[in-house]
Every structure is written in structure tokens, then in C-alpha cells.
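Architecture at a glance
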Amino acid sequence: MSVRTVVRAKAPGAPTRWLMRNHIWVFLALTFAVFSLSSPYFLTMNNLGNVLTQAAFIGILAIGMTLVMINGEIDLSVGAVLALASALAIGLQDHIGVWPAVMVGFLSGAALGFLNGTLVALSGMHSFIVTLGGLIGIRGLVFIYTGEDALMVTDFSYTEYPEIYLGPVSLTAMIFFALALLFQWVLTSTRHGRETYAVGDNLQAAHDAGINIKRHKIINFTLCGALAAIAGILLSMRLGTAEPNAGKVWELWTIIAVVLGGTRLQGGYGSLWMTIGGVLTLAVLRNGLRLLNTPNYVELMVMGAVLILALAIDKLLSRHEVGR
Amino acid sequence: MSTDPILTVSGITKTFPGVTALDNVSFDIRRGEVHALVGENGAGKSTLMKVLAGLHQPDGGQILHRGQPVSVQSPLEARQMGILLIHQELSLSPELSVAENIYLGAWPTNALGVLNKRKLRRDARAALEALGCGFGPDRRVGTLSVAMQQMVEIARSQAFSADVVIFDEPTASLTDTEKDQLFATIRELRGQGVGIVYISHKMDEIFELTDRITVLRDGTVQGTVTTADTDSTAITRMMIGRTLEAYFHKAEIAFGAETLRVEGLGLDGQFDDVSFAVRQGEVLGLYGLVGAGRSEMVETIFGVRRADRGRLIWQGREIPLPTPRQAIDLGMALVPESRKEQGLVLMMGGLDNTTLPHLSSYATATVMDRGREMQVFDRYRKALAIKTTGPDQPVSTLSGGNQQKFVLAKWLCADPRLIILDEPTRGIDVGSKSAIHELIAELAGRGLAVIVISSEMPEVLGVSHRILAMAEGRLVGEFEGDAMTEENLIDAVSHHLANPAAQ
């Protein structure tokens, strides 16, 4: 029967409801507790500050990915865009100055995002294919530009910006949180944000209501590309170099973080609170496993298992909500 | 009720490749009336509705809205004009709030695109209160019941000041109480002077609610009548009454032993108290209007649905209610109505479709024996006169009739004892129809028990040895020999509909 059954149980209170939708935070608290008990180095200001900084790069990519995924699409090119922006931001410094180079890096990301979005919206091709092409093509562009070698900064003051700290929290981490809050506001309070949900949730209904579906998709891909560029620029500042292989398979870690948070691959559902939870969980897991001297391949196995476990819990919990 | 038409449709024609869906259709909707649109499946109701809502463009004819000729290019335009379609499959975004859904696509914002949530909520609350909805604008739509979600769609009529609201089978998934609430809401809209189009298969609802009835059949209007001046028998006759166009060949044989006996079969909310038997060599017709519960009933016998009560006696022995796999192993075959969704793998060729359910019979140690598959394919291609270029032509490129023949071939391969055909000739050409009718006779002649579900009166009269009439989930008549007439069937079905209490 096609009838949706509604659980007519007593409506849970607002905090319970929030936790049911954002259960990743419970999961995060659990992993946090486990590593606090099993490693003496985990629960130190210094280490936690590091976790936040490490989380920020995937985190900024994940903000854009969340927007695109709520819209019902996916962007596989974010890792390559990150590498290109970081290469341009460093490589052009000697020619046009530091900040113009950073600006060019940023605009390259926004432009490639716009291109992705336009191709998806206008051609009707699936974004998986379009951005898979982007992933390969843009990486090729990076290699052409850098010539297979890492580019180095000559002006080392460039690498000092990320060293601004507020307590244990680096500037990079602060930028991540600020962007996440900004886009959470965009998602909940602007027409573009809400229509992004409408398009991903029920495309036909959105279309029938006269919502400009193409425009929203192009905007979200552009934002995703621009955010990837910001992550690339911050990475180039932190490392002082731009490697052609930077950000390789990061698109996968980004998708994992977003999905771990609970945002639905099919679109229409998700939030940046969830994504922050997913990003932090992923970072805590990696950091904790390394502190325990887990070999790299075991780490991958654990992460894979955790991802599937988290999604299984998600399925179980969502049965308590309306059957969908 | 005034007689002032708010929407006038005149001479609307719409053709799809190979089909004339609407042929010179004219009718009008007045302010403050509920106007029923009835007809069998395929009569053109949904096409007409889609033309009004801007989802289809008519090939000819004119629509006048408030006296002005209009051309509705999209659902958005229709909504802006004040024509609102309440979909059978609700068109809402479950993740958004009630208020956001009511105003979907028309949210109030400032110049920067920031939502004015207060205005949105206030306006939505006003729309909900005008209809007496018992929930607020902030609820997430996904947490609402189907009936409440429907109210969200109806609330759009208030938000956009709609003067024509079209309901497509709105009670299909409602309980009785919810239905009463919906009717109260529809009467409220009528009181506001809204013209309402009400599409339904349910005769009791139509007589309870509507002021006038327009009957469609085969894409043409059979007439518009005032509800108070007619009864369900007359309407049923207008919907289905057609002359017998063809005579069918019936095998004259003595029936054998009982293949299947059904006792007291029931499924809550669908049908109940169904008892009958079918014998070897017998074609048992199952007649009724759409929604009578026929498909649900045979699906329950076959195990697609789980019965709540009842017994099955298969070839003289009581059997537990089967799963579909067990039903197939026993020797039952169910050829479903929607062949595209349930019957065929459209991208595969005819050969692969034919042998798909029985692959192990054509394999030696899991390697397929193409030669044996070809023999079977050739046998059925000849027996059923299937027009195909070869074993590998994708069935998606075949006509509906030839697709249906492959569905039959697939099930006949398994050599069943009982075959159930659900609307076996819907939507296929006349030539294929008679080939399938002949096949039904031939199968019975070979000693199979055959159950044929059909909404087409001539077909069911022509192919059956005995006919069961079904309405509202009950068997309401059994006819054999000379008693098998169009009159008797219509009477059985429509009397029941007119007096649903007299079960």
C-alpha cells in the first residue's frame, strides 16, 4: 500500500527530535569517550586543536558538498579543484603578488564550479558523470601547470596566516566553523537555501511550483567550487607548497563525512550541523587511530566499517520517524 | 449554486501517437458546484485533467476561464490563473514545513533573497484556519498523515485564491473519518464559490457529494447530467454500455475436477468473504469496475499480498497460503495487469524474457543451452503469432499486444494448472486481442483452469463459461449460461454500489 503510516506516539520534545536527526553527535561523543580512555595523548588541548585544524580542510569541502547533495546532485571534482586553486595561489605569487594570486585561485574554483553546474543543469547529464570528467580533467590541468613538481612559496610570510590561534583553535578551523554557520543560515533562512531542499526533495513538485531548478543547481555547484578553492588556498598556506597530487581522493572522504553526518545522497535532506558532526567524527577517528599507532591499512578497514555501521544506525533511527 | 460557468471547455481534442485520448470534449464548471468526472480507466479523465492543469497542451479546442480564452502552458500558470490540481500522488516536499509547501515557489523574500518567515507563517496560518486545519504552519510535512498532507495541498486554494479546484481520486488512501472531513472541506470550498471538479470511481461518493456528473467514455463526453435526476445504474450504463462487437470462440468441453477452491478469503481494507471455485477446463470471468478489489483478490491468492483470513484448497487438498514462489511451484500463474512494471524486462529480447523465470530448465550445469531456448521461443512465437524480428529484439520496441503475448509465453512455459489473467487485453490492438481470446479458449481446452479479470463487458461475456461479479471488495453475483447478460452484470454491480449497506 502506498499509504504512509504516521507514528502517532507522543511527540518527542525538541531536543530529542534534534538528536534523532543529528545522531552523529552521539556517535561523535562515543568515539571521543573511547579514545579519551584508550590514549593518554588524545584529550589534550594541543591534540584537540590539531584535530580541528585537520578537520577543517575536508570540512570546508564538505560544506559545498552538503549544498550540492541536498540539491540532489554530487560533485566529485572538489579534490582536483582544491589542488588547482592551491597551485595557482602559490605559483602566481611571484608574478602578480600574493593576494591577487589568492584571488585567481579562488576565482578558478568558482568558475569551475559554475562550469560543472551549467553542464549538469543544461545538458541533463548526471552530475556523477560531469564531475567525474571534471575530476580527471582538472587534475590534468594541475599537472600541466605545475609540471609534476611541487611549487614552493618564496614569501614565507604567506605561511604564517594559519598560525594565528585563538587558544588551541587555528584560523583555518575558525574559517571552517564560520563558513559552516554562514551556510547553515543560507540553508534555513534564504529562498535559495529552502528551494535547494525543495528541488532535492521532490523535483516534480518544485518544477510544478515554478521554481527555477537550473538556477539553484548552478548556484550550488558554483558555491561548492568556490569553497573547494578556499580549502585549497588554506592548505597552500599551511604547507607552503602546492603539490600536484594534493587533495587526491579527498572527494571520497568528503562524501563519506557528509553521508556519515546523515545528509541523504538522494537529496532533500540534511544540514550543516549534521555535516560538522560527520566531519569531526571522521577527524577524531583518524586522529585517535593514529595515536594508538594503528597501521594505515587497519585504519582504513576500521573507517570503512564505521561508515557502514553509522549508516545502519541511521536507517534504524529513521524508521522511528515517518516511514519514507 | 449559480449557473454562471467559471471554466468552459469546448471541443478539446488531444491525441497521442496511435491513440485519441480526448475527442471533441466539451463541458463546463460553474461557480459553487461540485462537478463529477467519471469514466472507466482509459476513458480520458486524467488526460482532460492534465490539460486543465497545464501538464498537457490540447491539439484543438478552447478553454474559457471567467469568459476569457486561456492557454495553460504549465502548472505554475494554471495556479496563477486560479486553477489548482490536487494530485492523487501528493506533490509536496516532505522535508519542508507546511507553510513552505503551501507557498512553494512563491515565498516572500526581501531584495537579498532572505525569507520573510513571519509573513510566510502568518499567511499560511490564515490559509489553514480558513479551512479549519488542526495543525500549524511549522509542522514538517513528512510528519503529517496523508489526509493532512492533502489539506496542505487544498490550503493552496486559499493562498492563491483559486476558483477552480480539481480533485483526482482524493479518497483513495483515506479512512472513513478522514473522508468525511475532506467532504466537509470540499463543501466549504463550494460555499466560497469555487468550482470543483471531482474525479472518482466511487459511485456512493459521487452521489453524496456532487451536483452534476459528466461521463467520459473512450475520450468522448457521453453526457452531463444533474446528480439529483439520475441514479448509479444510469451512470454505470453510460460509462460501460457498449454494443457487443465480436463473438468469441468458446471451447465446448466438460469441466474436470476442481483446481482451486477459495473459502472466506479476506484482506482488511481491500476485500472480504470471497468464496468460489474454478474447475479444469473452465474459464471463470471476474467482472467489476476499477477499484472493486479484483486485482487485490487474485494477488492474495497468488501470495503477493498476505491474506488476513481464508482457506485455499488446491486440487482437493487444503494448502497453507502460499508465497509467490510456492504458488508458481504448485502450478499457478498470475499475468499481471501492468506488464511494463511487473511482467517484462523491457531492454531484453523476447527469448530472454520468455525463459527468464525458468532458466534452470534450459541450462546444463548453469551454462545456458541456447538451442533449447530457441525451440521454446519458436514454439510460442508461432503459437501466439508474435510479431518480432527475432529472439533478441528488445521487447520495449514491440507493440503492446506483442509484449502481452511474451508475458503470456513466459508463464505458459512453466506449464501451469491455473492461469490468472488480469486485464489481458488492456491497451492492445484488436488483432492481438482476438489472438489472446483464442489462446484463452485453447488453454481451457487443454484442461487448464483460467481466471480472467476484465472491465470490458464484451470480453468477459465472450470468453467466460461462468462470471463472478465483484463490487466494493465483495462478490455480488454469479452468472452462468443464459444468465450471463450485460443487463444482469450491470444490475449486480450498480445495485450494490447504490446500496452499499445492503451487503
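Nothing here was measured: the structure is a model prediction, and the numbers come from that model. (Residues numbered from 1 in each chain as written. Chains lettered and ligands numbered in written order. Predicted model: local features only at pLDDT ≥ 70, side-chain atom pairs only at ≥ 80, totals over all residues. Heavy atoms only, no water.)

1. Topic: the domain arrangement of chain B
Residue and element names in this part refer to chain B. Filter applied, for reference: Domain start and stop positions are those given by an automatic or database domain assignment. Here a residue-residue contact requires only that any non-hydrogen atoms of the pair lie within 4.5 Å. Buried area is calculated as the accessible area (1.4 Å probe) missing from two parts once they are joined, with the contributions of both summed. Between Lys or Arg on one side and Asp or Glu on the other, a salt bridge is scored when a side-chain nitrogen of the former is within 4 Å of a carboxyl oxygen of the latter. Identification of polar contacts relies on pairs of N or O atoms within 3.5 Å, with a donor-acceptor requirement for protein atoms, meaning one able to donate a hydrogen and the other able to accept it, and with residues adjacent in sequence counted only if both atoms are side-chain atoms. Secondary structure elements are taken from DSSP: a helix is a run of H or I of four residues or more, a strand is a run of E of two residues or more, and numbering for both begins at the N terminus. Amino acids outside the nonpolar list (Ala, Val, Leu, Ile, Met, Phe, Trp, Tyr, Cys, Pro) and the charged list (Asp, Glu, Lys, Arg) are all regarded as polar, and Gly is one of them.
Split by domain assignment, chain B resolves into domain 1 (5-240), domain 2 (249-331 + 416-503) and domain 3 (344-415). Distance between the C-alpha centres of domain 1 and domain 2: 35 Å. Between domain 1 and domain 2, the contact holds 10 residues from the first and 13 residues from the second. Where domain 1 abuts domain 2, roughly 1100 Å² becomes buried across the two surfaces, and 58% of that area is made up of carbon and sulfur atoms. Along the contact surface separating domain 1 from domain 2 lie zero salt bridges. Here domain 1 is connected to domain 2 by zero residue pairs in polar contact (both at pLDDT 80 or more). Contributing elements (two or more residues each) for the side of domain 1 that touches domain 2: helix 7 (203-209) and helix 8 (232-240). With five residues, the top contributor of residues to the side of domain 1 that touches domain 2 is helix 8. Class assignment of the residues belonging to the side of domain 1 that touches domain 2 gives a composition of two nonpolar, five polar and three charged.

2. As for the pairing of strand 19 (residues 418-422) of chain B
All names here are of chain B. Going by this rule: For the exposure calls, accessible area comes from a 1.4 Å probe over protein chains only, and a residue counts as buried if that area is under 20% of its type's maximum, exposed if over 50%, partly exposed in between. Whether two strands pair comes down to DSSP finding at least two bridges between them.
Along strand 19, five of the five residues are buried, which leaves the element largely enclosed by surrounding structure. With burial as the criterion, each face of strand 19 is covered, one bearing L418, I420 and D422 and the other bearing I419 and L421. Where strand 16 (residues 332-335) and strand 19 come together, four bridges link them in parallel fashion. Opposite A333, over in strand 19, you have I419 as the bridge partner. The pairing of strand 19 with strand 20 (residues 449-454) spans five bridges and is parallel. Residue pairing for strand 20: L418 is matched across the bridge by A449.

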